[in-house]
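Notes for the structure review
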Amino acid sequence: MNKRQKIIIVKLAVVVAVTVLAAIVLMNLKAAGLRRGAMRAMTSLSAEIMKYKKNNISLPPEEYLDRLMRDMRIQGLLGNFHYRALWITADSNDKEILAYTETDYHSMFDKRDCLVIRLDGAVEWMDKGEFYSLLESQQGPIEKQTIKLGE
């Protein structure tokens, strides 16, 4: 292989490496933007739930949230949203999971895929394993059976 061919191969390798690196960066930037959007949407939804709870001394019905999410145009950001108000009792603590969604906004830098609203209004990202463990510990037998029947 002559010197000219080696230079062409090196330049091609540099172009390929830069292109791959740029693609990885762009995919992670997109995921980060979607994650921020989902967090903003869930935080806004949490604020509305807490406002309703304060004014009505109860959690809003699921239909109210469905309408609110349509009006706020946030359904697409929250994916398969689950609301657990039906299963919240008077003895539930403030750290109980009130609502959650699993996202597929994967990033190399952040593996937490579940976005949760707690009963106290706090919104947080959780790792899937931690989330499922916590959710299972908070679910009663009737809720578990109802979810199984719905699958």
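For the structure given in this document, a descriptive report is provided here. (Residues numbered from 1 in each chain as written. Predicted model: local features only at pLDDT ≥ 70, side-chain atom pairs only at ≥ 80, totals over all residues. Heavy atoms only, no water.)

Let's talk about the pattern of salt bridges
Applying the stated criterion across every chain, the model contains 6 salt bridges. With a closest N to O distance of 2.8 Å, Glu143 and Arg84 form a salt bridge. With Glu143 in helix α5 (residues 141-150) and Arg84 in the loop between β1 (80-83) and β2 (97-102), this residue pair connects regions lying 59 residues apart in the sequence. Here Glu143 and Arg84 have matching classes, each one buried. Residue Asp120 pairs with Lys95 through a salt bridge whose shortest N-O separation is 3.1 Å. Linking Asp120 in the loop between β3 (114-118) and β4 (123-126) with Lys95 in the loop between β1 and β2, this pair joins segments that are 25 residues apart in sequence. In this structure, a network of salt bridges that share partners links the residues Arg84, Glu96 and Glu143. (Salt bridge = Lys/Arg side-chain N within 4 Å of Asp/Glu carboxyl O. Helix = DSSP H or I, 4+ residues; strand = E, 2+ residues; numbered from the N terminus. Buried < 20%, exposed > 50% of the residue type's maximum accessible area, 1.4 Å probe, protein only.)

Focus: the sheet that holds β2
Spatial strand order, β1-β2-β3-β4: 4 strands in an open sheet with antiparallel pairing. Because the sheet does not close on itself, it has two edges, and the strands there are β1 and β4. Here the average twist between neighbouring strands, direction ignored, is 20 degrees. Sheet topology places β1 next to β2; 4 bridges connect them, and they run antiparallel. Residue pairing across strands places Tyr83 opposite Ala99, the latter belonging to β2. Contacts between helix α1 (residues 3-56) and the sheet are confined to β1, β2, β3 and β4, with β4 contributing the most and set at about 140 degrees to the helix. Helix α4 (residues 128-138) rests against β2, β3 and β4 of the sheet, and its axis sits at about 145 degrees to β2. (Pairing = 2+ DSSP bridges. Axes fitted to C-alpha atoms, helices over the stretch in contact; angles between N-to-C directions. Contact = heavy atoms within 4.5 Å.)

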